[in-house]
Every structure is written in C-alpha cells, then in structure tokens.
Amino acid sequence: MKKRLRRKKKSYKRLFILPILVLLVVLLGIIAFSQLTKTKAPEQQNARSMSQAKSVKEENSSEKSSVATPKWLSAKNENQLPILMFHYVTSDEDQLPKDSNNIDVTTFENELKALKEQGYTTVSAADAQRVLTTKEKPSNKLVWLTFDDGSVTMYTRIFPLLKKYQMHATSFIITSFVDNGQGGILTWEQIKEMKESGWVDFGSHTVDHPDLGTQTLEAQRSELADSKADLDKNLTQKTNMICYPAGGYNQNTLDLSTELGYQYGFLDPGRNGAVAMAAKESDGLLTLPRFRMMDTTSAEDMLQMLQPAATYNEQNN
Ligand SMILES: [Zn+2]
C-alpha cells in the first residue's frame, strides 16, 4: 500500500515536471528570440538612417556643383577655418601689369592641386558659415577661398579651374563697378552664371570701394545698404557677407553691418591691426581674419598657413 502510494507520488511528480520543462524551454526560446531582435534593431535603424541620408544626397546631387555631400564630423569646441584672400589670377595673355595681387595662373593652379592632394575641403559660403557657427565640420582640413574686387579673371581664369578641381570659392563684388560696366570687372551675366553653377558664392565689397573707416556714418550706410540691395536684387539672395575695402572699418561699420543684415565681415591681414590667422566664431563673425595670397606665395607657403588649423581641428574631434 505504502509502496503503491510512493509510486503514485512519483508519477505525480513526473506529471508536474514535464509541463515545467516544456514551459522552461518555451521561456528560453522567448528570451533567445528577444535577444536576437534586440541585436537586429540597430541594424534596421542604420539602414533607415542610411536611406534617409541617401535621399538627402539625391536631393543635393541635383545641384550643379556635384561634390558628394560628406558626412559631417562633430567637434568638442568651436572650429577653426582658415580663409585665404586672393584678388586676380592672370596669364601673360591678359597683359595686366605685374602686381603682387596678380597671381600667375600656373601658380594658382599649383595651389589648387596642392589643396586637392593634401585632402583639403574648400567650403561653400553656406558650409563655411555652418563651420563657423556650429561644432560641425565636413572635414578637419578646411579652407575658404575668397576673391576680392570682382575682377573678370574670376570668370576667365578662376572659375574654369574651380570647376576642373571641383572647388568652392566666394567672390566679393564692388557693385558700382559692375553696374558701370567697368573694364576688367565681371558682368552681372558672368556673376549669375557662376552663382548658378553652385561653385561660387557672392558677397559685398561695397558700392565704390572706399575705406569705410574714414567715411561718415551716412556714407558708410549707403555703401553697405546699396551694395547689398544691388546684390540681393540681381542674385535673388539675402547677402550676408561684407568684405571691408582695404580692411578699413570702425565701430560704426560693425553696428551698421549688423543693422543692415550682414552677419559675416572680412578683414585684410596687416590692416587695422588684423592678424593673419584662422577664423573662429569667438573672435567675432564680423571681423574674420584672412591670409593674404600674393604672387610670391608658393603652394608650400599656403599649406603652412593652413596646417595649424588642420592640426587644431584634428585634435578637436
Ligand atoms: Zn578690394
């Protein structure tokens, strides 16, 4: 009797153990499955963000400047952006007088080649402004190519090379020179064609190119306001860059520039106490320093100007 009872107890036990075992196996299966889907989730997310990036890229590639949009890096602190100041790029055929601002076309092309070989990113005005006002950057090796005075060589010599090397530049226009059809100066048609290409952006270099620091408040106001209105109208843009002629400015210039809607101002190295160094937001967006490029500046000299900012940006990741 006792024995039978024990056996009965044993079979009860077996009856209980079986469902518990089944339950355990099912539970383990559920846990394993949930782990699997957990590890899969980020992959799916990545695929989603990649397809988003792809669609943004596709939108961007409809622009005429066809440089692939790089994945922007983020920095710990503010970025440094070296800005190079050029004027004219000429060839013997142009028969222009020798001037330290007249850079030979071969010298200039060697500089662009050096930038390409060393992996520098030439920024558009919009990208430059993003680099200066955020902690984002398309690369650590950055350079902003700027050209003063709106010489016709911007169209005849510089623009073809920008397209050849897929590089961005910004040109500062003296608006009365264009309006008066002055010789050796760009026409509105050329300016519009370059802007539409996506490779060249345009800012103001005032109406008549006076040293603003020596002008009355009202004269400064019309130089700043009228040149902006002219560029805004002809290029259907909101001009927000002002390059002070001969680097001349005073506090009135900065106040008026802000009042009129300029956000970025460009200095001449060596003028008005301006030092040749990389630009950064904390030094003031209306007083951006630049490096002067002359006929004697070699590609090697240029790379040396850019190196400190590239090193800083590299360490600032
Ligand atoms: Zn100038």
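On a predicted model such as this, the values are computed, not experimentally measured, just so you know.

> Explain helix α7 (residues 217–235) to me, using residue names and the numbers behind them.
Its 19 residues place the ends of α7 27 Å apart at the C-alpha level, agreeing with the 27 Å of an ideal helix rising 1.5 Å per residue. Every buried residue belonging to α7 is among Q220, E223, L224, S227, K228, D230, L231, N234 and L235, and all of these are buried. When α7 is viewed along its axis, its buried side chains cluster within an angular range of 160 degrees and face the same direction. The elements touched by buried residues of α7 are β8 (169–173), α5 (175–179), α6 (188–197), β9 (200–204), β10 (241–243) and α8 (251–260). T236 sits one or two residues past α7 and shows a positive phi near 45 degrees.

> Before we move on, can you summarise the side chain of T287 with the specific residues and values?
Considering the arrangement of structural elements, one finds T287 in the loop between β11 (264–266) and β12 (291–292). Relative accessible area serves as the criterion here: at 17%, T287 is assigned to the buried category. At a separation of 3.1 Å, a polar atom in the side chain of T287 contacts the main-chain carbonyl oxygen of D283. If we skip the residues at most four places from it in the chain, T287 touches Y249, L254, G265 and L267.

> Before we move on, could you go through the pairing of β8 and cite the residues and values that matter?
Burial of β8 is extensive: five of the five residues sit out of reach of the surface. Every second residue of β8 is oriented toward a common face, with A169, S171 and I173 on one face and T170 and F172 on the other, all of them buried. Note: strand β7 (residues 142–148) against β8, three bridges, orientation parallel. Within β8, the residue paired with D148 across the bridge is F172. Following the backbone out of β7, through helix α4 (residues 153–165) and into the adjacent parallel β8, one traces a crossover that is right-handed. Two elements, β8 and β9, share five bridges in a ladder whose sense is parallel. The residue bridging S171 from the neighbouring strand is F202, located in β9.

> With reference to specific residues and values, describe the coordination of the zinc ion.
Protein coordination of the zinc ion is provided by D149 (OD), H205 (NE2) and H209 (NE2), with donor distances spanning 2.1 to 2.2 Å. Donor residues binding the zinc ion come from one chain and are separated in sequence as D-x55-H-x3-H. Placement of the pair is D149 in the loop between β7 and α4 and H209 in the loop between β9 and α7, with a sequence separation of 60 residues. With a relative accessible area of 11%, D149 lands in the buried category. Residue class for H209 comes out partly exposed when judged on its relative accessible area of 28%.

> I'd like a rundown of unusual backbone geometry, residues and numbers included.
Even without glycine at this site, Q95 takes up a positive phi of about 50 degrees. For Q95, a relative accessible area of 71% gives the class exposed. Of note in the backbone geometry, D149 takes a positive phi value of approximately 85 degrees without being a glycine.

> Before we move on, can you summarise the packing of aromatic side chains with the specific residues and values?
A full pass over the atoms with the stated rule returns seven aromatic pairs. With 4.9 Å between their ring centres and 15 degrees between their planes, F86 and F147 make a pair best called stacked. Placement of F86 in strand β2 (residues 83–86) and of F147 in strand β7 is noted, with a sequence separation of 61 residues between them. Exposure remark for F86: the relative accessible area of 1% places this residue in the buried category. Here F147 falls in the buried class, since its relative accessible area comes to 1%.

> Could you give me a rundown of the nonpolar core, with the residues and numbers involved?
If you look at the biggest cluster of nonpolar residues, it comprises 38 residues, and the most contacted ones within it are L84, F108, L115, L145 and M154. Per-element tally for this core: the top contributor is α4, with six residues. Formed by 18 residues, the second largest nonpolar core is a distinct cluster that contains V131, F172, F266 and L285.

> Mind laying out the environment of T146, listing which residues take part and the relevant values?
With respect to the secondary-structure elements, T146 resides in strand β7. For T146, a relative accessible area of 0% corresponds to the buried category. Considered as a pair, T146 and F86 are 60 residues apart in the sequence and their alpha carbons are 6.0 Å apart. Sequence-distant contacts of T146, defined by excluding residues within four places in its chain, comprise I83, L84, M85, F86, T170, F172 and R290. Reaching out from T146, the side chain makes a polar contact with the side chain of R290 at a distance of 3.0 Å.

What counts as what
Residues numbered from 1 in each chain as written. Predicted model: local features only at pLDDT ≥ 70, side-chain atom pairs only at ≥ 80, totals over all residues. Heavy atoms only, no water. Helix = DSSP H or I, 4+ residues; strand = E, 2+ residues; numbered from the N terminus. Expected span 1.5 Å × (residues − 1). Buried < 20%, exposed > 50% of the residue type's maximum accessible area, 1.4 Å probe, protein only. Arc of directions from axis to C-beta. Contact = heavy atoms within 4.5 Å. Polar contact = N/O pair within 3.5 Å; in protein donor to acceptor, adjacent residues only side chain to side chain. Pairing = 2+ DSSP bridges. Right-handed = clockwise from strand over helix to strand, strands pointing away. Donors = N, O, S within 2.8 Å, 3.2 Å for Na, K, Ca; no water. Phe/Tyr/Trp six-rings, centres within 6.5 Å; stacked < 30°, edge-to-face > 60°. Core = buried A, V, L, I, M, F, W, Y, C linked by side-chain atoms within 4.5 Å.

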